Amino acid sequence: MRLLYSLVWWLVLPLVLLRLWRRGRKEPGYRAHVGERLGFYSQEARLSGPQARFIWVHAVSVGETRAAEPLIDALLQQYPQHSILLTCMTATGRETGTQVYGKHGARVVQSFLPYDTGWMCARFLGHFRPVVCVLMETEVWPNLIRQCRRHQVPVMLANARLSERSLRRGQRFAALLRPAAEAIDVVAAQSSADAERLRAFGARHVEVTGSLKFDVQPPAEMVDRGLAWKRAIGERKILLCASTREGEEALILDALAKLGRTGWLTVIVPRHPQRFDEVAGMMQAQGLRLRRRAALGQGVDWDQVDVVLGDSMGEMFAYYALCDVAFIGGSLLPLGGQNLIEALALGKPVLVGEHTFNFLSITDQAIKAGAACRISSAEQLWDMASALFADPDRIAAMTHAAHGFAGAHQGASHKTTELLAPLLAR
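A brief look at the structure comes next. (Residues numbered from 1 in each chain as written. Predicted model: local features only at pLDDT ≥ 70, side-chain atom pairs only at ≥ 80, totals over all residues. Heavy atoms only, no water.)

1. Description of helix α6 (residues 118-128)
Here's step 1: Within the span of α6, buried status applies to Gly118, Met120, Cys121, Phe124, Leu125, His127 and Phe128.
Here's step 2: Residues of α6 that are buried in the fold lie against α1 (2-23), α2 (34-37), β1 (54-58), β2 (83-88), β3 (108-112) and α7 (142-150).
Here's step 3: Backbone geometry just after α6 places Arg129 at a positive phi near 50°. (Buried < 20%, exposed > 50% of the residue type's maximum accessible area, 1.4 Å probe, protein only. Helix = DSSP H or I, 4+ residues; strand = E, 2+ residues; numbered from the N terminus. Contact = heavy atoms within 4.5 Å.)

In structure tokens:
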């Protein structure tokens, strides 16, 4: 099965590269460092020559790159003789890595991970020679893990999560994926439910460590920026629709247009930057009075604005600091939901839709703790927002619950580094 899988990769590779090049028309980062995706690296990609000792962390995109921050900070402090090799698959993930880890200078080296063929993965491992591999969340690549075995690179799956839906999907390809899961040396799971599903999938050594995202500290600069925006806007309440996905904005904007003039200001931040202009066009088509991110903090008559488009990257903590209530996207449609932890860490009352299977355990716990509420439609989103803005005591109670919930779940980075220590000792 793995050989057939590898053959399919080689057959579709021209189409993959063509898609990469086309995507680069909107996101130029996809046309940069293409050789790395094929297993070709310059000597400049290494740190201090062949003696460099890399702890390799693979974070596929933006969310995983940010989630890895407390773990990477802890590893750099605990292992000063090592450096971090940070790989990703998306251009936005690499850009986020530059923003988040630039403070570490040359001790964090970035690269794209090659496509999952044995030959490319072997070239990658031969070039960088990492001492350990840390895969973030759900990244189980059969050829990559097999090549790690061949090159004697131990593998950890950190901050691991697996929904029921993903488990069922993975079991259909058990002949390919189960051997890869069984070859992982240790798994640090986000919850007990995730741990049970990962064991059912074939993982052998699974420990519950919690979510690393609770250990991410909101950058003071971003929090100050968001508070400055809020002061410029004045007394008007703010509803943030964060990380919205394709199809959701249409529902949200249609319901907002039907609602008419609201006492609060709505800020919408689409998850994918290539959709910023598309969403702006949808707002204008609804006749909504629009401002973009560049207007925040400026002397605008905000009473004459209906909606703000958050068309920027790397400022999500600033948007959370700005808002009074946060709706987390990806949950109005069956997309699995997005991370709600950043909003909770800043004490924001959270609203989520019905489709949160990617973060089901944490979402259910937050709802039970009184820090979040579930809504079933875009219309109910506006009803709930209106009710909250009319009830300051309830907002205060949810804010207190959010702070308490986020604080109670910290500590995953320490537990994860403890699990990683024996692999590094090899």
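2. Observations regarding helix α12 (residues 248-259)
Here's step 1: Along its twelve residues, α12 runs 17 Å from first to last C-alpha, staying within 8% of the 16 Å computed at 1.5 Å per residue.
Here's step 2: All of the buried residues along α12 are Glu248, Glu249, Ile252, Leu253, Ala255 and Leu256. All buried residues of α12 fall inside an arc of 160° around its axis, so they share one side.
Here's step 3: At the exit of α12 stands Gly260, carrying a positive phi of roughly 85°. (Expected span 1.5 Å × (residues − 1). Arc of directions from axis to C-beta.)

3. Things to note about the nonpolar core
Here's step 1: Counting residues in hydrophobic clusters, the biggest one holds 46 residues, and the most contacted among them are Trp56, Tyr115, Phe124, Leu157, Val187 and Leu198.
Here's step 2: In this structure, Met222, Val300, Trp302 and Val308 belong to the second largest nonpolar core, which totals 44 residues. (Core = buried A, V, L, I, M, F, W, Y, C linked by side-chain atoms within 4.5 Å.)

4. As for the sheet that holds strand β13 (residues 350-352)
Hydrogen bonds between backbone groups are what pair the strands of a sheet, and the pairing can be parallel or antiparallel.
Here's step 1: Strand order in the open sheet made by the seven strands is β10-β11-β9-β8-β12-β13-β14, with parallel pairing throughout. At either end of the open sheet lies a strand with only one pairing partner, and these are β10 (290-292) and β14 (372-374). Each adjacent strand pair in this sheet contributes to an overall mean axis angle of 25°, direction not counted.
Here's step 2: As defined by bridge partners, strand β8 (residues 238-244) adjoins strand β12 (residues 325-328) across four bridges and the pair is classed as parallel. Counterpart to Ala242 in the pairing with β12 is Ile328. (Pairing = 2+ DSSP bridges. Axes fitted to C-alpha atoms, helices over the stretch in contact; angles between N-to-C directions.)

5. Some thoughts on the pattern of salt bridges
Pairing between side chains of opposite charge can happen when their charged atoms approach one another.
Here's step 1: According to the stated counting rule, one finds 21 salt bridges in the structure shown.
Here's step 2: In this structure, Lys103 engages Glu69 in a salt bridge whose closest nitrogen and oxygen atoms are separated by 3.0 Å. Within this pair, whereas Lys103 is found in the loop between α5 (91-101) and β3, its partner Glu69 is found in helix α4 (residues 69-78), the two being separated by 34 residues in sequence.
Here's step 3: Residue Lys103 is classed as exposed on the basis of its relative accessible area of 52%. (Salt bridge = Lys/Arg side-chain N within 4 Å of Asp/Glu carboxyl O.)

6. Quick word on the packing of α1 against α7
Here's step 1: The N-to-C vectors of α1 and α7 enclose an angle of 115°; their axes lie 10 Å apart at closest approach. For the pair formed by α1 and α7, the contact residues are Arg2, Tyr5 and Ser6 on the first element and Pro142, Asn143 and Arg146 on the second.
Here's step 2: Here the residues of the contact of α1 with α7 sort into two nonpolar, two polar and two charged. (Nonpolar A, V, L, I, M, F, W, Y, C, P; charged D, E, K, R; others polar.)

7. With respect to the side chain of Asp185
Here's step 1: Mapped onto the secondary structure, Asp185 falls in the loop between α9 (174-183) and β6 (186-189).
Here's step 2: For Asp185, a relative accessible area of 12% gives the class buried.
Here's step 3: Looking at Asp185, its side chain comes within polar contact range of the main-chain nitrogen of Val155, at 2.8 Å.
Here's step 4: Look past the residues within four positions of Asp185 in its chain and what remains in contact with it is Arg149, Pro154, Val155, Arg204, His205, Leu423 and Arg426. (Polar contact = N/O pair within 3.5 Å; in protein donor to acceptor, adjacent residues only side chain to side chain.)

8. What to know about the environment of Val12
Here's step 1: Counting through the fold element by element, Val12 comes out in helix α1.
Here's step 2: Looking at Val12, the relative accessible area reads 31%, which means it is partly exposed.

9. Notes on the packing of aromatic side chains
Here's step 1: Scanning the entire structure with this criterion turns up twelve aromatic pairs.
Here's step 2: Ring geometry for Trp10 against Trp119: centres 6.5 Å apart, planes inclined by 50°, an arrangement best described as tilted. Of the two residues, Trp10 sits in helix α1 while Trp119 sits in helix α6, which places them 109 residues apart along the sequence.
Here's step 3: Exposure remark for Trp119: the relative accessible area of 45% places this residue in the partly exposed category.
Here's step 4: Consider the rings of Trp264 and Trp382, whose centres lie 6.2 Å apart with planes at 25°: the pair is stacked. Of the two residues, Trp264 sits in the loop between α12 and β9 (265-270) while Trp382 sits in helix α17 (residues 378-389), which places them 118 residues apart along the sequence. (Phe/Tyr/Trp six-rings, centres within 6.5 Å; stacked < 30°, edge-to-face > 60°.)

10. Details of a positive patch on the surface
Here's step 1: Side chains of Arg22, Arg25, Lys26 and Arg31 sit close together on the surface and give a patch of like positive charge.
Here's step 2: With respect to the secondary-structure elements, Lys26 resides in the loop between α1 and α2.
Here's step 3: With relative accessibility at 66%, the residue Lys26 sits in the exposed group. (Patch = residues over 30% accessible without salt bridge, like charges linked within 9 Å, V, L, I, M, F, W, Y side chains within 5 Å. Areas by Shrake-Rupley, 256 points an atom, 1.4 Å probe, with all protein chains shown as cover. Lys, Arg positive; Asp, Glu negative; His and termini not counted. Charge placed at Lys NZ, Arg CZ, Asp CG, Glu CD.)

11. Remarks on the pairing of β12
Here's step 1: The alternating pattern of β12 places Val325 and Phe327 and Ala326 and Ile328 on opposite faces, both of which are buried.
Here's step 2: In this sheet, β13 lies alongside β12 in parallel orientation, the contact comprising three bridges. Counted as the bridge partner of Phe327 is Leu351 from β13.

12. Re a nonpolar patch on the surface
Here's step 1: Together, Met1, Leu4, Leu7, Val8, Leu11 and Val12 make up a nonpolar patch on the protein surface, roughly 570 Å² of accessible area in all.
Here's step 2: With respect to the helices and strands, the residue Leu4 is situated in helix α1.

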